[in-house]
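Fold and geometry: a report
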Amino acid sequence: MIRIHALEEVKGNHKGIVEKEFEQLVEELKNKYNAKLRYVDEDIEEDEHLKFYTKIGEFEIDFNNFKDYINFCLKYGADIEVIKPEKIKLKAEEINETLGVVINAFKSFVDRYKIGFNIYLKEKKDIDIEEFKKGKYDEEEIVEFEEDGYIRVKAVFEGIGKSEEEVIRNLITSLDREEIVINKILTKNFDEKNFNGLIAIDLLCLPFEMFEIAYKYLPVALSVQREEIELTLSDIQDIGNEISGAMFELSHAVVMRR
């Protein structure tokens, strides 16, 4: 079981509407999650022309499994504090299914509103692409990474560019960081002139990065390559807040565009 304290906020320029929406939110969370309302706070912001009313509630919610917790983060975009457990062990099937939920949620948002996350390229450096095609690390080295907390992951991305080399170089550059170790890359091109195809990557990363890859890159497939993984309380909280924040950011961008 995962227990959280979640801060939910309703804000608007009409006090009555804010209070009504907050009451509806309370009832919804009670009915769906048997949530307990721990406290309520109110605030008023004023400028020369407008008043903004804010109502904030802290809820205590229990989830039977990790996927339900992530679904809540995707829908409600709360500020989350995880209370327990200190650690949780997840079977590969459950973590892979949850990663799929995240990918599908963000892909549906992108398809509907045509807004997503830009992937910024760092300064390009020399990359031996042939080394990545052969595989940079042997099995003993991969085991050492896993002993340091890295999780072996297989990911498949769609790629479009002038050439296979350009697509691979850009993907490696954008993923390159201490928390992500790329071992091997395979490609399949469906275009005779340019590159329009799939890039499969064998990589190792920390738990947080798995979910960042899922929602930012929207891979065709993403799966862990071990029977079970362990997440700490900090992992659970950081992943939940990241997913909540990312969905809120995209939703806010849609509202501002309108």
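Below, the structure is looked at part by part. All figures in this text were calculated on a predicted structure; none of them were measured in a lab.

Conventions adopted
- Residues numbered from 1 in each chain as written.
- Predicted model: local features only at pLDDT ≥ 70, side-chain atom pairs only at ≥ 80, totals over all residues.
- Heavy atoms only, no water.
- Pairing = 2+ DSSP bridges.
- Helix = DSSP H or I, 4+ residues; strand = E, 2+ residues; numbered from the N terminus.
- Expected span 1.5 Å × (residues − 1).
- Buried < 20%, exposed > 50% of the residue type's maximum accessible area, 1.4 Å probe, protein only.
- Arc of directions from axis to C-beta.
- Axes fitted to C-alpha atoms, helices over the stretch in contact; angles between N-to-C directions.
- Phe/Tyr/Trp six-rings, centres within 6.5 Å; stacked < 30°, edge-to-face > 60°.
- Lys NZ or Arg CZ within 6 Å of the ring centre and 35° of its normal.
- Contact = heavy atoms within 4.5 Å.

1. A few points about the pairing of strand β6 (residues 151-161)
Bridge count for β6 against strand β8 (residues 195-205) is 11 bridges, and the pairing is antiparallel. The residue bridging I160 from the neighbouring strand is N196, located in β8. Alignment of β6 against strand β9 (residues 221-224), held across 4 bridges, turns out to be antiparallel. By the bridge assignment, V156 is partnered in β9 with A221.

2. Some details on helix α1 (residues 15-33)
Compared with the 27 Å implied by 1.5 Å per residue over 19 residues, the 27 Å span of α1 between its first and last C-alpha is a close match. For α1, the complete set of buried residues consists of V18, F22, L25, V26, L29 and Y33. Down the axis of α1, the buried set is contained in an arc of 100°. They therefore lie on one face. Exposed residues lying more than 90 degrees from the buried face of α1 are K20, E23 and N31.

3. Focus on helix α7 (residues 207-217)
Counting buried positions over the 11 residues of α7 gives 9, a clear majority of the element. Taken together, the buried positions of α7 are occupied by P207, E209, M210, F211, E212, I213, A214, Y215 and Y217. Positive backbone phi, approximately 45°, marks L218, located one or two places after α7.

4. As for the sheet that holds β6
Spatially, the 4 strands line up as an open sheet ordered β7-β8-β6-β9, and their pairing is antiparallel. Either end of the sheet is taken by a strand with one partner, and the two such strands are β7 (180-189) and β9. Taking each pair of neighbouring strands and ignoring which way they run, the sheet shows an average axis angle of 20°. In terms of strand pairing, β7 meets β8 through 9 bridges, oriented antiparallel. Paired with L186 across the two strands is A200, which belongs to β8.

5. A word on the packing of aromatic side chains
Evaluated as defined, the whole model comprises 14 aromatic pairs. Taken together, a centroid distance of 5.2 Å and an interplanar angle of 80° make the contact between Y137 and F145 edge-to-face. The class of Y137 is partly exposed, set by a relative accessible area of 25%. Residues F145 and Y150 carry aromatic rings whose centres are separated by 5.7 Å and whose planes lie at 70° to one another, so their mutual orientation is edge-to-face. Both residues of the pair, F145 and Y150, count as buried. What links up through ring pairs into an aromatic cluster is the set Y33, F63, F66, Y69, F72, Y76 and F211. Seen from the ring of F52, K11 lies directly overhead, with NZ or CZ sitting 5.7 Å from the centre.

6. Let's talk about the sheet that holds strand β1 (residues 2-12)
Within the open sheet, the 4 strands sit side by side as β2-β3-β1-β4. Their pairing is antiparallel. Either end of the sheet is taken by a strand with one partner, and the two such strands are β2 (36-46) and β4 (79-84). For this sheet, the mean angle separating the axes of adjacent strands, direction not counted, is 20°. Relative to β4, β1 is paired through 5 bridges, and the arrangement is antiparallel. Within the sheet, the bridge partner assigned to H5 lies in β4 and is E81. Each of β1, β2 and β3 (51-63) touches α1; the most contacted strand, β3, lies at about 5° to it. Lying over the sheet, helix α8 (residues 233-257) contacts β1 and β4, oriented at roughly 160° with respect to β4.

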